[in-house]
Amino acid sequence: MSAALAARRVGSDAARMQVHRDIPGLRAALPAWRARRARIALVPTMGALHEGHLSLVAAARAAADFVVASILVNPTQFGPDEDLSRYPRDEAGDLAKLRAAGCDLAWLPTVEAMYPAGNATSVQLRGVCDGFEGAARPGHFAGVATVCTKLFLQTGADIAAFGEKDWQQLQVVRRAASDLDIPIRILPVPTVREADGLALSSRNRFLSPMQRATAPLLHAALRRAAARIGAGAALRAVLAEEEAGLRRAGFAPDYLALVEAETLRPLDAMAPGMPMRLLAAARLGTVRLLDNVPLREAIA
Ligand code: AMP
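Residues numbered from 1 in each chain as written. Predicted model: local features only at pLDDT ≥ 70, side-chain atom pairs only at ≥ 80, totals over all residues. Heavy atoms only, no water.

### Details of the pattern of salt bridges
Oppositely charged side chains are able to pair whenever their charged atoms sit close together.
Consideration 1: Taken as a whole and judged by the stated rule, the model has 17 salt bridges.
Consideration 2: As a salt-bridge pair, Glu133 and Arg288 come within 2.6 Å of each other at their nearest N and O atoms. Of this pair, Glu133 sits in helix H6 (residues 133–136) while Arg288 sits in strand E10 (residues 287–294); the two residues are 155 residues apart in sequence, bridging distant segments of the chain.
Consideration 3: When the shortest N-O distance is used, the salt bridge between Glu242 and Arg224 registers 2.8 Å. Of this pair, Glu242 sits in helix H11 (residues 235–249) while Arg224 sits in helix H10 (residues 217–230), and the two are 18 residues apart along the sequence.
Consideration 4: With a relative accessible area of 43%, Arg224 lands in the partly exposed category.
Consideration 5: Within the structure, one salt-bridge network assembled from shared partners comprises Arg224, Arg228, Glu241 and Glu242. (Salt bridge = Lys/Arg side-chain N within 4 Å of Asp/Glu carboxyl O. Helix = DSSP H or I, 4+ residues; strand = E, 2+ residues; numbered from the N terminus. Buried < 20%, exposed > 50% of the residue type's maximum accessible area, 1.4 Å probe, protein only.)

### Examining the site of the ligand
Consideration 1: Around the ligand, 17 residues are found, and the nearest of them are His53, Gly163, Asp166, Val192 and Leu200.
Consideration 2: Contacts to the ligand include Val192, whose backbone N or O atom sits 2.9 Å from a nitrogen atom.
Consideration 3: One of the backbone nitrogen or oxygen atoms of Leu200 is found 2.9 Å away from a nitrogen atom of the ligand.
Consideration 4: Secondary structure elements with two or more residues in the shell around the ligand: strand E3 (40–45), helix H3 (51–63) and strand E6 (159–163).
Consideration 5: At three residues, H3 tops the list of elements feeding residues into the shell around the ligand.
Consideration 6: By residue class, the composition of the shell around the ligand is eight nonpolar, seven polar and two charged. (Near = heavy atom within 4 Å. Polar contact = N/O pair within 3.5 Å; in protein donor to acceptor, adjacent residues only side chain to side chain. Nonpolar A, V, L, I, M, F, W, Y, C, P; charged D, E, K, R; others polar.)

### A look at the sheet that holds strand E8 (residues 252–260)
Consideration 1: The antiparallel open sheet is built from three strands, whose spatial order is E8-E9-E10. Each having just a single partner strand, E8 and E10 make up the two edges of the open sheet. Between one strand and the next, the sheet's axes are offset by a mean angle of 15 degrees, whatever the strand orientation.
Consideration 2: Where strand E9 (residues 276–284) lies against E10, eight bridges are found, and the strand directions are antiparallel. Bridged to Leu279 within E10 is Asn292.
Consideration 3: Helix-sheet contacts for H10 involve E8, E9 and E10, and the interaxial angle to E10 is about 30 degrees. (Pairing = 2+ DSSP bridges. Axes fitted to C-alpha atoms, helices over the stretch in contact; angles between N-to-C directions. Contact = heavy atoms within 4.5 Å.)

### What to know about the domain arrangement of the chain
Consideration 1: You can read the domains of the chain as domain 1 (3–189) and domain 2 (202–294).
Consideration 2: Summarising the inter-unit geometry, the C-alpha centres of domain 1 and domain 2 are found 27 Å apart.
Consideration 3: In this assembly, domain 1 and domain 2 are joined by three salt bridges.
Consideration 4: Residues Asp83 and Arg203 are paired through a salt bridge, measuring 2.9 Å at the closest nitrogen-oxygen approach.
Consideration 5: Where domain 1 meets domain 2, there are eight residue pairs in polar contact (both at pLDDT 80 or more).
Consideration 6: The set of elements that each furnish at least two residues to the side of domain 1 that touches domain 2 consists of H6 and helix H8 (167–179).
Consideration 7: In terms of residues, the side of domain 1 that touches domain 2 owes the most to one element, H8, which gives three residues.
Consideration 8: Classifying every residue of the side of domain 1 that touches domain 2 gives eight nonpolar, five polar and seven charged. (Domains from an automatic or database assignment.)

### A short note on H8
Consideration 1: Relative to the 18 Å expected for 13 residues at 1.5 Å per residue, H8 spans 18 Å between its end C-alpha atoms, a close match to the ideal helical length.
Consideration 2: Turning to H8, its buried residues number three or more, namely Trp167, Gln168, Gln169, Leu170, Gln171, Val172, Val173, Ala176 and Ala177.
Consideration 3: Contact partners of the buried residues in H8: H6, helix H7 (140–155), E6, strand E7 (185–189), E9 and E10.
Consideration 4: Asp181 lies just past H8 and shows a positive phi near 55 degrees. (Expected span 1.5 Å × (residues − 1).)

### Brief notes about the environment of Val144
Consideration 1: Tracing the backbone through its elements, the reader meets Val144 in helix H7.
Consideration 2: For the pair formed by Val144 and Gln124, sequence separation is 20 residues and the distance between their alpha carbons is 9.5 Å.
Consideration 3: Sequence-distant contacts of Val144, defined by excluding residues within four places in its chain, comprise Asn74, Gln77, Gln169 and Val173.

### With respect to the packing of H7 against H8
Consideration 1: At a minimum axis distance of 10 Å, the contact between H7 and H8 shows a crossing angle of 55 degrees. Accordingly, the angle class assigned to the pair H7 and H8 is oblique. Viewed along their axes, H7 and H8 form a crossing whose handedness is right-handed. On H8, the residues touching Phe141, Val144, Ala145, Cys148 and Phe152 of H7 are Gln168, Gln169, Val172, Val173 and Ala177.
Consideration 2: A breakdown of the residues in the contact of H7 with H8 according to their chemical character gives eight nonpolar, two polar and no charged. (Parallel < 35°, antiparallel > 145°, perpendicular 65-115°, else oblique. Left-handed = near helix turned anticlockwise from the far one by under 90°.)

### Considerations on the packing of aromatic side chains
Consideration 1: Tallied over the full model, the rule gives four aromatic pairs.
Consideration 2: Relative to Tyr87, the ring of Phe78 has its centre 5.8 Å away and its plane inclined at 80 degrees; by these criteria the two rings are edge-to-face.
Consideration 3: The class for Phe78 is buried, based on a relative accessible area of 11%.
Consideration 4: Here the guanidinium or amino end of Arg86 rests over the ring plane of Phe206, the centre of that ring lying 4.2 Å away.
Consideration 5: The ring of Trp167 has Arg277 sitting right over it, with the charged end atom 3.8 Å from the ring centre. (Phe/Tyr/Trp six-rings, centres within 6.5 Å; stacked < 30°, edge-to-face > 60°. Lys NZ or Arg CZ within 6 Å of the ring centre and 35° of its normal.)

What follows is the structure in structure tokens.
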């Protein structure tokens, strides 16, 4: 079967979405859109899609003419002791959601298509990926930067949408694309939250009912800390108090830190006039929760 025939059309005529699983199929599909000078936007995901992912698709649709969403549970960004095998997967549900969200092409490469035998190239960064998630998960950002670089080059996308929820990841891919002169605009998309403030995440389903009730306290702590620091309270004292509060609530905090928003450089004090971000990671049982807020929220 030719690559073009291998492209499976799903859905009604009004909402047709191509699904491709190998590089030749993807390569056959994109030139028609490029010939129309269409702007292509990419939404990289690991599937198990929720409203957070769909807000990226909506932002991509608003910014471009043709939306490609990729789904790959990327093994190279998981450490040996991490949750690769239990990472949630729901391909049929994901495709239905992408179709309903108006995605034009679902790019579902197999692991073998992404990393053929003999594959030996990876993208490594310094600085922006050294601390925080980079320190907690050695090799994670090399896996992220490599897979994102490959997705950028495979699709030739003009724009790629990433969630602010994974703030460090957003800065890592921005840095990698810029350093490698890949002509792509990284589009940041605000974090989608539950009504109680918990950031949507594919991993939230692993929280027990009690942990789920506790989980929003992470965002509450970040917001409170941002407000207090913004109002002039001493940074170290505020962070120590909030971290202690999280421990009392049952979290095992990994970090709670103020950083320069773009470089992730840790700050000891407010740096007026500079975009700053408060970052947090904390475990509840086996589930690691990430969140972050801009510091200006405190002043607003
Ligand atoms: P993942 O499938 O978890 O690798 O996430 C794929 C993309 O969705 C990344 O750019 C994430 O930052 C983004 N994302 C995940 N959760 C949310 C959320 N709650 N709000 C906005 N974007 C999100």
